[in-house]
Amino acid sequence: MDEAQGTGAAQDGPAAAGHDRAEVGGFYDRFTRLTLGNAPGANLHYGYWTSPDDSATFEEAAAQLTALMIQEVRLPASGHLLDVGCGIGGPAVQLARVTGAEVTGITVSHDQVTLANRLAADLGLADRVRFEYADAMELPYADASFDASWLLESIIHMPDRGHVLKEIARVVRPRGRVVFTDLCERSPLTADEQSTVDEFFQAAKMSPMVTLDSYPRLVREAGLVLDEVRDISDNVMWRTTRELSRQMREARAEIDEKFASDPAYQLDPARLSDITALGYVLVVAHCP
Ligand SMILES: C[S@@+](CC[C@H](N)C(=O)[O-])C[C@H]1O[C@@H](n2cnc3c(N)ncnc32)[C@H](O)[C@@H]1O
């Protein structure tokens, strides 16, 4: 088996089939119809707590994860970032405000494009932050047209990580940085853990995980140069799954009213919090 495609355990089960852009886009279009899908701060990703004593709220911790991405992508004010899987725009506007750089964000959810462009306009950033509908599997951009790119928790939805990274390596200029986060398999999961993870991944339209040690090869085969693979699971996973569980409990009445039959909203994320083999990784690379 190809090492970069993960272990047998990660490939088997219902989550083994990838999801196409229409399925993933539909999932996020529906999500924007919930208050939960329009998070304050417009961040649709996990939190990053600097230590167990970090008292940041979930919203602050989500902004801290974006801040880590901004630090690693090292974009000057004159730079142009391609934000692949931009959500409703929070990370892109945070980067634009901190660095002064330009951002093009893409997503496969039409509703997210509308919300993200509205956010940029409301913040007076529409002249240098824009969002479009595009699929990371077929980027509609010329070679070397961006200074850097990131994927903040979006590659997990994509059917072929290697292909997406090759596409990104094509559109980023020589020596431009490529940074991404991903859910990954830190150590082998038990059969029970695997079936719990598969249930969640299938409901949330995510692709199978790959193992933590597969990233160097994945990055190299995409034509990129690896700088770092950082396991940040301890800063991210336990508290995020607890926070997501709390948010879902608070939103239960709205969820039941709008999506009673959707499996994505019936599963309690707290069930993932004790699966320590389920990890979260930050990968930093650059174009040669
Ligand atoms: C968990 S959200 C993260 C959003 C954003 N990066 C953030 O951190 O707030 C995943 C995002 O990936 C996008 N996505 C998934 N598959 C995609 C694809 N093939 N091409 C472009 N975007 C994709 C989704 O539409 C969604 O916006």
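See the structure shown above.
Just so you know, these numbers come straight off a predicted model, no measurement behind them.

**Q** I tried to follow the side chain of S149 on my own but got confused; where do I start?
**A** Tracing the backbone shows S149 in strand β4 (residues 146-151). Exposure remark for S149: the relative accessible area of 0% places this residue in the buried category. The residues contacting S149, other than those within four sequence positions of it, are V73, L81, L82, V84, I168, V172, R177, V178 and V179.

**Q** Can you help me understand the site of the ligand in this one?
**A** Within the structure, the ligand sits among 20 residues, and L44, H45, G85, Q112 and D135 are positioned closest to it. The contact in question runs from an oxygen atom of the ligand to an N or O atom on the backbone of L44, over 2.7 Å. Interatomic distance of 2.8 Å between a side-chain N/O atom of T107 and an oxygen atom of the ligand. Grouping the amino acids of the shell around the ligand by side-chain chemistry returns ten nonpolar, eight polar and two charged.

**Q** Sorry if this is basic, but what is going on with the sheet that holds strand β3 (residues 129-133) here?
**A** Taken together, the seven strands give an open sheet; going across it, the order is β3-β2-β1-β4-β5-β7-β6, and neighbouring strands pair in mixed fashion. Each end of this open sheet is capped by a strand with a single partner; those strands are β3 and β6 (225-231). Within the sheet, the average angular offset between the axes of one strand and its neighbour, ignoring direction, is 15°. Its contacts with the sheet place helix α6 (residues 161-171) against β1 (80-84), β4 and β5 (172-185), and it is angled at close to 160° to β5.

Cut-offs applied
- Residues numbered from 1 in each chain as written.
- Predicted model: local features only at pLDDT ≥ 70, side-chain atom pairs only at ≥ 80, totals over all residues.
- Heavy atoms only, no water.
- Helix = DSSP H or I, 4+ residues; strand = E, 2+ residues; numbered from the N terminus.
- Buried < 20%, exposed > 50% of the residue type's maximum accessible area, 1.4 Å probe, protein only.
- Contact = heavy atoms within 4.5 Å.
- Near = heavy atom within 4 Å.
- Polar contact = N/O pair within 3.5 Å; in protein donor to acceptor, adjacent residues only side chain to side chain.
- Nonpolar A, V, L, I, M, F, W, Y, C, P; charged D, E, K, R; others polar.
- Pairing = 2+ DSSP bridges.
- Axes fitted to C-alpha atoms, helices over the stretch in contact; angles between N-to-C directions.

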